[in-house]
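Per-entry structural report
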Amino acid sequence: MRRSFAIAVAACVLSAGLLAGRGLSGDTSSDLAEHVSTYTWRLHDGWFGGFSGIELSEDGRQMIAISDRGMFVTGTLQRDEGAISGVENVKAFRVLDTKGTFPQKAGSRDSEGLVLQKDGKLVVSFEGKHRLNRFTQPGAKAQGMPWRKEFNRMKLNGGFEALAIDNQGKIFAVPEQPIGDEGAAQIFALKKGQWEKAFILPRTKQFQPVGADFGPDGRLYLLERGFNGLGFRVRVRSFTVEGNAAGDEKLLFRKGIGFHDNLEGLAVWRDEIGRIRLTMISDDNFRLIQRTEIVEYALPQ
């Protein structure tokens, strides 16, 4: 998502720690997930940056990402002994509206959440002008999707940052800022063409949900990011989901300011040795003092 100039100033303060790849605080040694790699992705194209959502193929190689300036980006992740070492075959496509045109106003193309359906169609959530659209493929004309009157209460910069799709194909949406109770994250599910309240998850003011995915184990994984005026903190939790209830909360990792950049997108998959991997991508806010990171953690077998 786009942030104020204060983030740029804070990033300057933290640049030494970020460039060294070390956090200034909150490096939790008791994390369940192990940090595998952090790859800094750089391209000099004008569209590059601002990534807010990511999806991967089952083998973790083929990537599709979305930026908050209205771009789909596809590519192939390269790995060296399990660690991400590059991105090849990169292609970019504009996120078009329902008329088949590229919105000129930035507030109309702030694409944030992304899910890939089993049939290859993509669902995208937008902030600014809150809405959800479906696409048959990157570069295709948008198709409208159902809406719920309650969604109109979402704050301008607090809409659906996180989308997820379960193993049965049901789509879930999570607003960044709560609708109602400040201590709960409201989860909505699309069922028979209508959005319904699915369940709530406990949340704190220090973390906002910005990415989500269902893993091959059926658990819901939630990426949360916080900003305290100095830098970004991050954590990932996972939950079981049964009917209209979520439980068995597990904190997989938590990092304090400066350890990672502004992580916003999450994809969960299983690697060749059977470990669940969490692949995340950061939104650099198109600031030279930030960077696009592709970060991976792995859970023990």
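For the structure itself, look to the data block above.
Described below are features of the structure shown in this document. Each chain has its residues counted from 1, running along the sequence as written. The model is predicted, so local features are restricted to residues of pLDDT at least 70 and side-chain atom pairs to those at 80 or more, both for listing and for counting; the totals for chains, interfaces and linings are taken over all residues. Side-chain numbers come from the whole structure's heavy atoms, not from hydrogens or water.

**Focus on the sheet that holds strand β1 (residues 34-41)**
The test is simple: Two strands pair if DSSP finds at least two bridges between them. Runs of H or I in DSSP of at least four residues are treated as helices and runs of E of at least two as strands, each being numbered from the N terminus. For helices, the fitted line uses only the C-alpha atoms of the stretch in contact; every axis is such a line through C-alpha atoms, and the angle between N-to-C directions lies from 0 to 180 degrees.
The strand order across the open sheet built from four strands is β1-β20-β19-β18, with neighbouring strands paired in antiparallel fashion. On the outer flanks of this sheet lie β1 and β18 (263-270), each paired with one strand and no other. Sheet twist, expressed as the mean angle between neighbouring strand axes with direction ignored, is 20 degrees.

**What to know about the packing of aromatic side chains**
Our working rule: Stacked, edge-to-face and tilted are the three classes for Phe, Tyr and Trp ring pairs, Trp counted by its six-membered ring, which pair at centre distances within 6.5 Å; planes under 30 degrees apart are stacked, over 60 edge-to-face, the rest tilted. The cut-offs for exposure are 20% and 50% of the maximum accessible area for each residue type, with area from a 1.4 Å probe on protein chains only; residues under the lower value are buried, those over the upper are exposed, and the others partly exposed.
According to the stated counting rule, one finds 15 aromatic pairs in the structure shown. Residues Trp 41 and Phe 48 carry aromatic rings whose centres are separated by 4.9 Å and whose planes lie at 85 degrees to one another, so their mutual orientation is edge-to-face. Given a relative accessible area of 2%, Trp 41 falls into the buried group. Arranged with centres 5.2 Å apart and planes meeting at 50 degrees, the rings of Phe 172 and Phe 214 form a pair that is tilted. Of this pair, Phe 172 sits in strand β11 (residues 171-175) while Phe 214 sits in strand β14 (residues 208-214); the two residues are 42 residues apart in sequence, bridging distant segments of the chain. On the basis of relative accessibility, which here comes to 6%, the residue Phe 172 falls in the buried class.

**Focus: the layout of surface pockets**
Which entries qualify depends on this criterion: With a 1 Å grid spanning the protein atoms alone, the term cavity applies to any set of points in which a 1.4 Å probe fits but cannot get out, the term pocket to an open set with protein on both sides within 12 Å along at least five of seven lines, and the term lining residue to any residue with an atom within 4 Å of a point. Grid points are joined across faces, edges and corners, and a volume is the space filled by probe spheres set on the points. Polar here means any residue other than Ala, Val, Leu, Ile, Met, Phe, Trp, Tyr, Cys and Pro, which are nonpolar, and Asp, Glu, Lys and Arg, which are charged; Gly is therefore polar.
Empty space within the largest pocket amounts to approximately 480 Å³. For the largest pocket, the lining is made up of 18 residues, of which Leu 56, Glu 58, Asn 167, Phe 214 and Val 268 are closest to its centre. Those elements that provide at least two residues to the lining of the largest pocket are β2 (51-56), β14 and β18. Examining the composition of the lining of the largest pocket, we find that four residues originate from one element, β18, more than from any other. Split by residue class, the lining of the largest pocket holds eight nonpolar, four polar and six charged.

**Focus: the pattern of salt bridges**
What counts here: We count a salt bridge whenever a side-chain nitrogen from Lys or Arg sits within 4 Å of a carboxyl oxygen from Asp or Glu.
Throughout the structure, instances matching the rule amount to 16 salt bridges. For Asp 31, the salt bridge identified is with Lys 255, shortest N-O distance 3.0 Å. A residue pair is termed long-range when its members are at least 10 positions apart, and Asp 31 in the loop between α1 (5-19) and β1 and Lys 255 in strand β17 (residues 245-255) qualify at 224 residues. For the pair Asp 31 and Lys 255, one class covers both residues: buried. Across the pair Glu 264 and Arg 225 runs a salt bridge, and its minimum N-O distance is 3.0 Å. Highlighted residues: Glu 264 in strand β18 and Arg 225 in strand β15 (residues 220-227), separated in sequence by 39 residues. By relative accessible area, Arg 225 is classed as buried at 1%. When salt bridges with common partners are traced through the structure, they connect Glu 34, Arg 79, Asp 271, Arg 275, Arg 277 and Glu 296 into a single cluster.

Purely geometric stuff here, so don't read any function into it on its own.
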